[in-house]
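# Descriptive analysis of the structure
One-letter residues, chain by chain:
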Amino acid sequence: MSQQQMVEEIKGWVYEAGENIKRKLQSPLIVEEKTNKSDLVTNVDKETEAFFIDKIRHHYPDDQILGEEGLGDHVTDFSGRVWIIDPIDGTLNFVKQQDNFCTMLAVYEEGIGQMAFIYEVMRDELLWGGKGMGVYLNEQVIKDVPNITLEKGLISVNTHMFLNNTYETQTVAMKSIGVRMIGCAGIGFKELIKGNQNAYISNLQPWDYAPAKVLMEELGLKMIALNGEPLDLRQKVPILGATPAAFAEIQTRQN
Ligand code: 2AM
Ligand code: CA
Ligand code: CA
Ligand code: CA
């Protein structure tokens with residue numbers, strides 16, 4: 001199967017997952033706390049992860065699966081093909097707003113991103129693409145992302161990092177024209193890729209940033225770990241995603 005055919009197949013799964021999520025929002029959610037009151041999981045997170053895993057196991061039985069809710073494999077080794085799933089990204093928004101969340105999926109091979117899907121279900125906005133195949137917003141190709149400077153754009157920062165001034169995020173944010181805190185990593189990166197923001201900074205798990213990394217690399221946008229470590233899909237890291245111009249300015253401030 002060609003990369004193009006595989007992408008079309010996965011897009012079908014993502015749209016189907018979106019339809020299921022919207023339908024399930026019409027019934028009461030079963031909500032559980034994970035580590036604290038702002039770290040939640042619902043039946044829809046688990047059911048959506050199970051939905052993707054079922055599709056992957058059926059069509060690609062030899063592949064490894066890393067899913068946030070733990071229904072996949074215990075992946076320690078990123079050799080071969082690995083699927084990375086964030087079934088509901090922005091669960092707190094999903095529970096409190098029934099809006100501002102995504103469902104996300106990435107396919108990596110030998111640790112290198114090949115395809116990615118960030119679907120903002122309630123806006124019916126699917127950002128998708130792959131290595132060497134370009135990036136699309138629904139059916140519209142994204143050609144060049146405007147290289148917005150730190151001073152001329154809006155920046156998106158994780159609330160905790162901003163309030164604690166981690167990595168001088170307050171100083172960085174004050175240089176920009178405004179700060180946005182949407183509470184959903186997928187949307188943070190999506191707005192950067194759409195040219196609506198100059199950067200996004202947050203403490204993230206692999207499933208939060210893996211899809212955006214594929215799409216951003218394809219578009220020449222920058223992503224690094226702010227702790228200076230190489231990006232490793234095994235752990236939570238402080239992530240900076242940015243336009244090249246904003247990246248250079250923020251990097252200078254870190255040093
Ligand atoms: P999630 O909803 O899939 O857990 C919220 O600021 C954003 O950060 C969301 O994209 C959320 O993803 C992510 N996030 C990562 N680690 C988190 C945590 N421990 N608690 C809440 N949100 C977390
Ligand atoms: Ca979560
Ligand atoms: Ca997430
Ligand atoms: Ca999630």
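Residues numbered from 1 in each chain as written. Chains lettered and ligands numbered in written order. Predicted model: local features only at pLDDT ≥ 70, side-chain atom pairs only at ≥ 80, totals over all residues. Heavy atoms only, no water.

## With respect to the packing of aromatic side chains
Any aromatic ring pair is given by two values, namely how distant the centres are and how the planes are angled relative to each other. Taken as a whole, this structure holds eight aromatic pairs when the rule is applied. Aromatic side chains Tyr15 and Tyr119 sit 5.2 Å apart centroid to centroid with 85° between the ring planes, which places their arrangement in the edge-to-face category. Remark: Tyr119 occurs in strand E6 (residues 112-120) and Tyr15 occurs in helix H1 (residues 3-24); sequence separation between them is 104 residues. For Tyr15, a relative accessible area of 27% puts it in the partly exposed group. Summarising the aromatic geometry, the rings of Phe189 and Tyr200 are spaced 4.9 Å apart at their centres and angled 80° between planes, so their arrangement reads as edge-to-face. Of this pair, Phe189 sits in helix H6 (residues 185-193) while Tyr200 sits in strand E12 (residues 199-204); the two residues are eleven residues apart in sequence, bridging distant segments of the chain. Taking the relative accessible area as the measure of exposure, Tyr200 reaches 6% and is therefore buried. Here a set of aromatic residues connected by ring pairs shows up, and it is made of Trp13, Tyr60 and Trp83. We note Lys11 situated over the ring of Trp128; from NZ or CZ to the ring centre the distance is 3.7 Å. (Phe/Tyr/Trp six-rings, centres within 6.5 Å; stacked < 30°, edge-to-face > 60°. Helix = DSSP H or I, 4+ residues; strand = E, 2+ residues; numbered from the N terminus. Buried < 20%, exposed > 50% of the residue type's maximum accessible area, 1.4 Å probe, protein only. Lys NZ or Arg CZ within 6 Å of the ring centre and 35° of its normal.)

## So, the UniProt feature "binding site: Mg(2+)" (unreviewed entry) in the chain
In the numbering used here, UniProt assigns the feature "binding site: Mg(2+)" (unreviewed entry) to Glu68, Asp86, Ile88, Asp89 and Asp208. In summary, the annotated positions, though distributed over 141 residues, converge in three dimensions, the widest C-alpha pair being only 10.1 Å. None of the other annotated residues line the largest pocket; only Glu68, Asp86, Ile88, Asp89 and Asp208 do. With respect to the element layout, Asp86 can be found in strand E4 (residues 81-89). We classify Asp86 as buried; its relative accessible area is 1%. Residues in contact with Asp86, not counting those within four places in the same chain, are Glu68, Thr103, Met104, Trp207 and Asp208. Positionally, Asp89 belongs in strand E4. If we ignore the near neighbours within four places in the chain, the residues touching Asp89 are Phe101, Cys102, Met104, Cys184, Ala185, Gly186 and Asp208. (UniProt positions renumbered as here; feature names shortened; annotations may be inferred. 1 Å grid on protein atoms, 1.4 Å probe; cavity = no way out; pocket = protein on both sides within 12 Å on 5 of 7 lines; lining within 4 Å. Contact = heavy atoms within 4.5 Å.)

## As for H1
The terminal C-alpha atoms of H1, which comprises 22 residues, lie 31 Å apart, in line with the 32 Å expected from a rise of 1.5 Å per residue. Among the residues of H1, those classed as buried are Met6, Val7, Glu9, Ile10, Lys11, Trp13, Val14, Ala17, Gly18, Asn20 and Ile21. In the core, the buried residues of H1 are packed alongside helix H2 (43-59), E4, helix H3 (91-97), strand E5 (102-109), E6 and strand E7 (125-130). (Expected span 1.5 Å × (residues − 1).)

## Quick look at the packing of H6 against helix H7 (residues 206-219)
Their axes nearest at 9 Å, the elements H6 and H7 cross at an angle of 10°. The orientation of H6 with respect to H7, classified from their angle, is roughly parallel. Contacts between H6 and H7 involve Ala185, Phe189, Leu192 and Ile193 on the former and, on the latter, Asp208, Tyr209, Ala212, Leu215, Met216 and Leu219. A breakdown of the residues in the contact of H6 with H7 according to their chemical character gives nine nonpolar, no polar and one charged. (Axes fitted to C-alpha atoms, helices over the stretch in contact; angles between N-to-C directions. Parallel < 35°, antiparallel > 145°, perpendicular 65-115°, else oblique. Nonpolar A, V, L, I, M, F, W, Y, C, P; charged D, E, K, R; others polar.)

## Concerning the layout of surface pockets
Of the pockets and cavities examined, the largest pocket occupies roughly 930 Å³. Surrounding the largest pocket, 35 residues form its lining, Ser38, Asp39, Asn158, Gly183 and Asn203 being those nearest its centre. When residues of the lining of the largest pocket are traced back to their parent elements, those giving at least two are E4, H3, strand E10 (154-157), helix H4 (159-163), E12 and H7. When residues of the lining of the largest pocket are assigned to their parent elements, the largest contribution, four residues, is made by E12. (Points joined across faces, edges and corners; volume = space filled by probe spheres on them.)

## Overview of the site of ligand 1
Of all residues adjacent to ligand 1, which total 14 residues, the nearest are Ile88, Asp89, Gly90, Thr91 and Ala185. The separation between an oxygen atom of ligand 1 and a polar main-chain atom of Ile88 is 3.2 Å. A distance of 2.9 Å separates an oxygen atom of ligand 1 from a polar atom in the backbone of Thr91. Here ligand 1 has 470 Å² of accessible area as a free molecule, and 79% of this is covered by the chains. When the residues that make up the shell around ligand 1 are grouped by side-chain class, the tally is three nonpolar, five polar and six charged. When residues of the shell around ligand 1 are sorted by domain, at least three fall in each of domain 1 (3-141) and domain 2 (154-254). (Near = heavy atom within 4 Å. Polar contact = N/O pair within 3.5 Å; in protein donor to acceptor, adjacent residues only side chain to side chain. Areas by Shrake-Rupley, 256 points an atom, 1.4 Å probe, with all protein chains shown as cover. Domains from an automatic or database assignment.)

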